[in-house]
Amino acid sequence: MRNALRLVLPLLLPLLLSQPAHAARKLKVVTSLADLASLAESVGGDRVEATSLAKGYQDPHFVEPKPSFILKLHEADLLVVAGLELEIGYLPPLLDQARNEAIRPNGRGYLDASVGCDVLDKPAVQVTRAMGDVHPYGNPHYWLDPGNGRVIARALAARLSLLDPEGKATYDKNLAAFEARLTEAEARWAKAIAAWAGTKIVTYHSSWPNFAKYFKLDVVGFLEPKPGIPPSPQHKLELINLMLGKKVPVIVMEVYFDRKDPDFIAAKTGAKVVVLSPSVGGDPAAKDYVALFDLAVATLSKALPGR
Ligand SMILES: [Zn+2]
């Protein structure tokens, strides 16, 4: 025993000394989306450590589960999800294996970011994923509206304060700073809104209804006949006719789709293909939640005819 201690103690001591029992441990926040991690970092500051399971350049519907996700979820104090079944394809089995009751739905450490947000495309009748639609409870890409970003940031500040009451003043201060930065950015984006109002666009997946609502763009069609269903030859022909009829100048596609179909349709219609990152980290310039919109505005501005 004594020999064992002699061997182990030198290894353990530095660890024990570097972590006094009363030192503030950072709250571990795990999010499905990089956008939610960015908002958690803005509000949590240095009291939290936020990581996202999905990277910004991945399709958020189809995230490949990794064993490392289970450990992250096991250690998490707070799990933030987009909800509306965006994570249904990978998260539930990971949560089962993570053995962390606090972050299961209804736990103190579980936050569904969609609550209180402006969610669009809510179906009037019951839709299920069995029908092929990956948006059965409304559009889960609602973070692409700065107004919803504000709602999510406030919900994060409230929940972090609940989990870590000592940090409340910090979270409140960080939230105010984030909201001020967002308000300043909205003044910049107002110029784009004025220039684009009413412009018709087509998008690959229905990732952009909240973005379009905010920026007053008019989404008239999609490459996917239904969210999650790849374009058929028949659908592509119909879309080409629709775009020619409505003189649609732009096809917006997400960074993680193949350009082949958008390029084909652009060649037939004269529209421009604009590749946008729908999430933080989908492009190096989209380094946080506000920068994500700055980049989208700058990229779209180059392609959309000015007025
Ligand atoms: Zn979707």
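These lines cover the structure that appears in this document, whether it is placed above or below. Please read all numbers here as calculations on a predicted model, not as lab measurements.

**Let's talk about helix α5 (residues 146–163)**
And step 1. Spanning 18 residues, α5 covers 26 Å between terminal C-alpha atoms, matching the ideal 26 Å at 1.5 Å per step.
And step 2. Those residues of α5 that fall on the buried side of the exposure criterion are Pro146, Asn148, Gly149, Ile152, Ala153, Ala155, Leu156, Ala157, Arg159 and Leu160.

**Some points on the nonpolar core**
And step 1. Grouped together as the largest cluster of nonpolar side chains are 74 residues, with contacts concentrated most on Ala40 and Val43.
And step 2. When residues of this core are assigned to domains, at least three fall in each of domain 1 (24–180) and domain 2 (190–303).
And step 3. Contacts of alanine 40, omitting those with residues within four sequence positions, involve Val29, Thr31, Val48, Ala50, Val80 and Leu156.

**Overview of the packing of helix α2 (residues 34–44) against α5**
And step 1. Look at α2 against α5: their axes get within 9 Å of each other, and the N-to-C directions meet at 55°. Here α5 runs oblique to α2, going by the angle between their axes. When the axes of α2 and α5 are compared, the crossing they make is right-handed. Only Gly149, Ile152, Ala153, Leu156, Ala157 and Leu160 of α5 make contact with α2, whose side of the interface consists of Leu36, Leu39, Ala40, Ser42, Val43 and Gly44.
And step 2. In terms of residue class, the contact of α2 with α5 is built from nine nonpolar, three polar and no charged.

**Quick word on the packing of α2 against helix α6 (residues 168–196)**
And step 1. At a minimum axis distance of 7 Å, the contact between α2 and α6 shows a crossing angle of 120°. When the interaxial angle is binned, α2 and α6 end up oblique. Here Ser42, Val43 and Gly44 of α2 come into contact with α6, specifically with Tyr171, Asn174, Leu175 and Phe178.
And step 2. Split by residue class, the contact of α2 with α6 holds four nonpolar, three polar and no charged.

**Describing the sheet that holds strand β7 (residues 250–254)**
And step 1. If you trace the four strands from one edge of the open sheet to the other, you get β6-β5-β7-β8, paired in parallel fashion. Each of the sheet's edge strands pairs with one partner strand only, and the pair in question is β6 (218–222) and β8 (272–276). Ignoring strand direction, the axes of neighbouring strands in this sheet form an average angle of 35°.
And step 2. Where strand β5 (residues 200–203) lies against β6, four bridges are found, and the strand directions are parallel.

**Description of α6**
And step 1. Compared with an ideal rise of 1.5 Å per residue, which puts 29 residues at 42 Å, α6 spans 40 Å between its outermost C-alpha atoms and is within 8% of the ideal.
And step 2. Taken as a whole, α6 has its buried residues at Tyr171, Asn174, Leu175, Phe178 and Trp196.
And step 3. Among the residues trailing α6, glycine 198 stands out with phi positive, at a value near 85°.

**So, the sheet that holds strand β1 (residues 27–31)**
And step 1. Strand order in the open sheet formed by four strands is β2-β1-β3-β4, with parallel pairing between adjacent strands. Looking at the sheet topology across the chains shown, the edges are occupied by β2 (48–52) and β4 (110–112). The average angle at which neighbouring strand axes cross in this sheet is 20°, direction not considered.

**Side note on the pairing of β1**
And step 1. Where β1 lies against β2, five bridges are found, and the strand directions are parallel. Paired with valine 29 across the two strands is alanine 50, which belongs to β2.
And step 2. Where β1 meets strand β3 (residues 78–81), three bridges bridge the pair, whose relative direction is parallel. Bridging from a neighbouring strand, valine 30 pairs with leucine 79 of β3.

**Quick look at unusual backbone geometry**
And step 1. You will see that leucine 84, though not glycine, has its phi angle at about 55°, which is positive.
And step 2. Positive phi outside glycine occurs at asparagine 106, with the angle close to 80°.
And step 3. On the secondary structure map, asparagine 106 appears in the loop between α4 (91–98) and β4.
And step 4. C-beta crowding within 10 Å serves as the criterion here: with 7 such atoms nearby, asparagine 106 is assigned to the exposed category.

**Quick word on the environment of methionine 243**
And step 1. By the element assignment, methionine 243 lies in helix α8 (residues 233–246).
And step 2. Remark: the alpha-carbon pair of methionine 243 and valine 220, spanning 23 residues in sequence, is separated by 8.4 Å.

The rules we used
- Residues numbered from 1 in each chain as written.
- Predicted model: local features only at pLDDT ≥ 70, side-chain atom pairs only at ≥ 80, totals over all residues.
- Helix = DSSP H or I, 4+ residues; strand = E, 2+ residues; numbered from the N terminus.
- Expected span 1.5 Å × (residues − 1).
- Buried ≥ 20, exposed ≤ 12 C-beta atoms within 10 Å, placed from the backbone.
- Core = buried A, V, L, I, M, F, W, Y, C linked by C-beta atoms within 7 Å.
- Domains from an automatic or database assignment.
- Contact = placed C-beta atoms within 7 Å.
- Axes fitted to C-alpha atoms, helices over the stretch in contact; angles between N-to-C directions.
- Parallel < 35°, antiparallel > 145°, perpendicular 65-115°, else oblique.
- Left-handed = near helix turned anticlockwise from the far one by under 90°.
- Nonpolar A, V, L, I, M, F, W, Y, C, P; charged D, E, K, R; others polar.
- Pairing = 2+ DSSP bridges.

Just distances and angles here, no functional claims.
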